[in-house]
Amino acid sequence: KETLIVTKENMAKLKDDLQKTIHKIEELNKLNNQIEMTITSEGLRIELFETAEGTFFNSGSPEPNASGKMALITLATQLGGVPNKISVEGHTDSRPLDRNGGEYSNWELSVDRANNVRRLMQDHGLRSDQVSEVRGYADQKLRKPEAPLDPSNRRISVIVQYLKAPPAEVAKTPPPAATAMKPPS
């Protein structure tokens, strides 16, 4: 199997390939409007966001539901073949959780969801050294800041980070040609 090296130049191809894979799976194609992929300065950001019915997680639960597992396993099998590092983020809406006497908040939920996603994806295709970060943001980076209780603020983000050239490759790159300077006339 050929390894796809994902850099800025071919991140769009990876996005296209992932979208085609999702469209081929009937259950995931139905959720296509809940899966958004954008190329950012960090890499390819894949967001799985919720609806009022709880598309990928049941309300207040850190464990992915059946749809969430299917989407994440599909992504993991595809992303396990790229050399890029992966970051996983958990986000919530601004609705306070009422669990364990207030000791389990949106902070814990966002981190637990992100870590459970990491674990599931590593069990189904991501290499053990591929995940570089697991972040929990609670409601601090809302998708819709004008509607802090909107269900789409509850989401998981999987970021395929751009590759950095290895030091040996940088050393092999010749310096840019010097431009001859003309003395002022």
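Residues numbered from 1 in each chain as written. Predicted model: local features only at pLDDT ≥ 70, side-chain atom pairs only at ≥ 80, totals over all residues. Heavy atoms only, no water.

Caption draft 1: Seen up close, the overall build of the protein. Counting its regular elements, the protein contains five helices and five strands. Burial status across the protein gives 43% buried among its 185 residues. (Helix = DSSP H or I, 4+ residues; strand = E, 2+ residues; numbered from the N terminus. Buried < 20%, exposed > 50% of the residue type's maximum accessible area, 1.4 Å probe, protein only.)

Caption draft 2: Seen up close, the nonpolar core. Ranked by size, the top nonpolar core spans 31 residues in total, and within it I46, L79 and M121 carry the most contacts. Looking at this core, the elements that each hand over two or more residues are helix 1 (11-24), strand 1 (35-39), strand 2 (43-49), helix 3 (66-79), strand 3 (86-91), helix 4 (106-123) and strand 5 (155-161). In terms of residue count, the dominant contributor to this core is helix 3 (five residues). Residue contacts for L79: discarding those within four places in its chain leaves L14, L18, I46, I86, M121, L126, Q130, V158 and V160. (Core = buried A, V, L, I, M, F, W, Y, C linked by side-chain atoms within 4.5 Å. Contact = heavy atoms within 4.5 Å.)

Caption draft 3: Representation of the pairing of strand 5 in the model. The buried count for strand 5 comes to seven of seven residues, which makes it a mostly enclosed element. Across the two faces of strand 5 the burial is the same, with R155, S157, I159 and Q161 and I156, V158 and V160 all buried. Bridge count for strand 2 against strand 5 is seven bridges, and the pairing is antiparallel. Following the sheet pairing, G43 is matched in strand 5 by Q161. (Pairing = 2+ DSSP bridges.)

Caption draft 4: Just the packing of helix 1 against helix 3, in detail. Two numbers describe how helix 1 lies on helix 3: the axes approach to 11 Å, and their chain directions differ by 140°. Overall, the two elements helix 1 and helix 3 adopt an arrangement that is oblique. Classified by chirality, the crossing of helix 3 by helix 1 is right-handed. Together, L14, L18, T21 and I22 of helix 1 and T74, L75, Q78 and L79 of helix 3 make up the contact between the two elements. Broken down by class, the residue content of the contact of helix 1 with helix 3 amounts to five nonpolar, three polar and no charged. (Axes fitted to C-alpha atoms, helices over the stretch in contact; angles between N-to-C directions. Parallel < 35°, antiparallel > 145°, perpendicular 65-115°, else oblique. Left-handed = near helix turned anticlockwise from the far one by under 90°. Nonpolar A, V, L, I, M, F, W, Y, C, P; charged D, E, K, R; others polar.)

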